[in-house]
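In case you want the letters, here they are:
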Amino acid sequence: MQKYNFPKGFYWGAASASYQVEGNIFNNDWAKAAEDGFVPFAGDGPDHYSRYEKDFDLAKSIGHNCHRLSIEWSRIEPKEGYFDEKEIEHYKNVIQALEKRGLTPFITLWHFTLPNWFVEKGGFTKKRNVKYFARYAKRVTDSLKDCTAFWTTFNEPMVYASNGWMRGNWPPFRFGHFFEMWNVVNNLARAHNAAYIEIKKHDPDADVSVVKNNIYFHGDTKLWNKAKAKVVSWFWNDRFLRKVKNYCDSIGVNYYFHSEYSSTKSDYPKSDMGWDLYPEGLYHVLVDVAKYKKPIFVSEAGIADEKDSKRAWYIKELIYNMWLAIDDGVDLRGYMYWSLIDNYEWSFGYQKRFGLIAVDYETKERKIRESAYEYKAICKSNTLLRK
Ligand code: BGC
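Attention in this report is confined to the structure presented alongside it. (Residues numbered from 1 in each chain as written. Predicted model: local features only at pLDDT ≥ 70, side-chain atom pairs only at ≥ 80, totals over all residues. Heavy atoms only, no water.)

**Here we look at the site of the ligand**
Operational definition: When we say a residue is near a molecule or strand, we mean one of its heavy atoms is within 4 Å of it. Any pair of nitrogen or oxygen atoms within 3.5 Å is treated as a polar contact; in protein, a donor-acceptor pairing is required on top of that, and neighbouring residues in sequence qualify only through side-chain atoms on both sides. For every accessible area listed, the method is Shrake-Rupley and the probe measures 1.4 Å; residues are considered covered only by the protein chains on display. By the convention adopted, Pro, Cys, Tyr, Trp, Phe, Met, Ile, Leu, Val and Ala count as nonpolar, Lys, Arg, Asp and Glu as charged, and the other residues, Gly among them, as polar.
Close contacts around the ligand come from 13 residues, with Q20, H111, E156, E300 and E345 the closest. The side chain of E345 places a nitrogen or oxygen atom 2.6 Å from an oxygen atom of the ligand. The contact in question runs from an oxygen atom of the ligand to an N or O atom on the side chain of W346, over 2.9 Å. Considered on its own, the ligand offers 310 Å² of accessible surface; in the complex 95% of this is hidden by protein. Residues of the shell around the ligand, tallied by class, amount to 6 nonpolar, 4 polar and 3 charged.

Here it is, written out as structure tokens:
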């Protein structure tokens, strides 16, 4: 066995997002889409909203020292300009519950879901709506500024815009609208920058990032395939980051995909989503993002694997690739596995199982999966053992 040590103070944990785990959110675009029959209902799901303390106990018991979660905008600002103090208090309690357990909070202000009133105003298709997000970001971070959290504005702007306006499988279900997608991405970048400025005004020490889903695009030796990989990589991986790079203290990287431009098709092991398991792509994505010269967190990388037969292997290979990136000089500070508990996988509903912890949706019972203990050994020792 080889030993791969990680830098002192490395963050090890898992991630989640409000609409995917909390349950009983009725006032946003996904709840509306479920009512209209376009996506599965989220219902009460894992009911993390009332069980968060137990879930954080479990996270601690499996060796984590940080946790990423998101705040539900539709709870905080259910009507335009009306901020619900009770809900702000709720998230304050959530963050304090993490701190009490020694889990550093990484808080995302927006993880794909929009309050209905904001959608009615045109959401992020309208440049003039950017100010509403900045106001929400200011209000939340101001109320929670005593908490020592890392803040993220947006989760995966490109995924949101491409699913909503190109693939048409997420709200607002627009298919093939490339220019609308382009416009939404621009407004998300504007909203990030505006929110960054607001947050920094009252809390200059806050660490504010954006979380980007980056894909490793690679081609074979053919010039044409190489060129294609380069262009798509600029569009998907770089365009947004270039717009926000002066308004970021760190960058969160979510890694799930590689895309190969090649005349021969290679075969890779697959997750329950049917996605290739290609952990070495993470190394390339990290080395690429390092060009922005910011600290990096792997804010998500994980696998849907109901049988839990590939998860431990996949996690270890991801971590090995993180180590290789660090060894090559990448300033990587932490890893949050997706996800802590099983959750609502968007248009797939609850059937896909990403959790380190299994959830029985009937009884709400949690059960730690075997792979979580293998990850625990790494978190606890700050070291990966690998052949
Ligand atoms: C998202 C998560 C999602 C995960 C798995 C990421 O794109 O941030 O919300 O559940 O991937 O699909």
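**A word on unusual backbone geometry**
To keep things clear, this is the line we draw: A run of H or I in DSSP counts as a helix once it spans at least four residues, and a run of E counts as a strand once it spans at least two, with each numbered from the N terminus.
Following P171, the chain continues to P172 via a peptide bond in cis, the omega torsion being 5 degrees. Structurally, the position occupied by P172 is in the loop between helix 8 (157–167) and helix 9 (178–202). The omega torsion across W338 and S339 is 10 degrees, close enough to zero to call that bond cis. Looking at where S339 falls in the secondary structure, it is placed in the loop between strand 11 (332–338) and strand 12 (357–359). A positive phi angle, near 55 degrees, is found at D47, a position not held by glycine.

**Some details on the side chain of S162**
Just so we agree on the cut-off: Burial classification: accessible surface area is computed with a 1.4 Å probe over protein chains only, and a residue below 20% of its type maximum counts as buried, one above 50% as exposed, and the rest as partly exposed. We call two residues in contact when some of their heavy atoms are within 4.5 Å.
Relative to the elements of secondary structure, S162 occurs in helix 8. Looking at S162, the relative accessible area reads 5%, which means it is buried. Ignoring any residue separated from it by four or fewer positions in sequence, one finds S162 in contact with R167, G168, M181 and W236.

**Structural notes on the sheet that holds strand 2 (residues 11–15)**
What counts here: One bridge is not enough; two strands pair if DSSP finds at least two bridges between them. Comment: axis = line fitted to C-alpha atoms, over the contacting stretch for helices; angle = value between 0 and 180 degrees taken between N-to-C directions.
The 8 strands are arranged 2-3-4-5-6-8-10-11 in a closed barrel whose pairing can be described as parallel. With direction set aside, neighbouring strand axes in the sheet form an average angle of 25 degrees. When strand 3 (residues 66–70) meets strand 4 (residues 104–110), the two strands line up parallel, connected through 5 bridges. From the neighbouring strand, L69 faces strand 4, where its bridge partner is I107. In this fold helix 8 packs onto strand 4, strand 5 (150–155) and strand 6 (207–213), with an angle of close to 45 degrees to the strand it touches most, strand 6.

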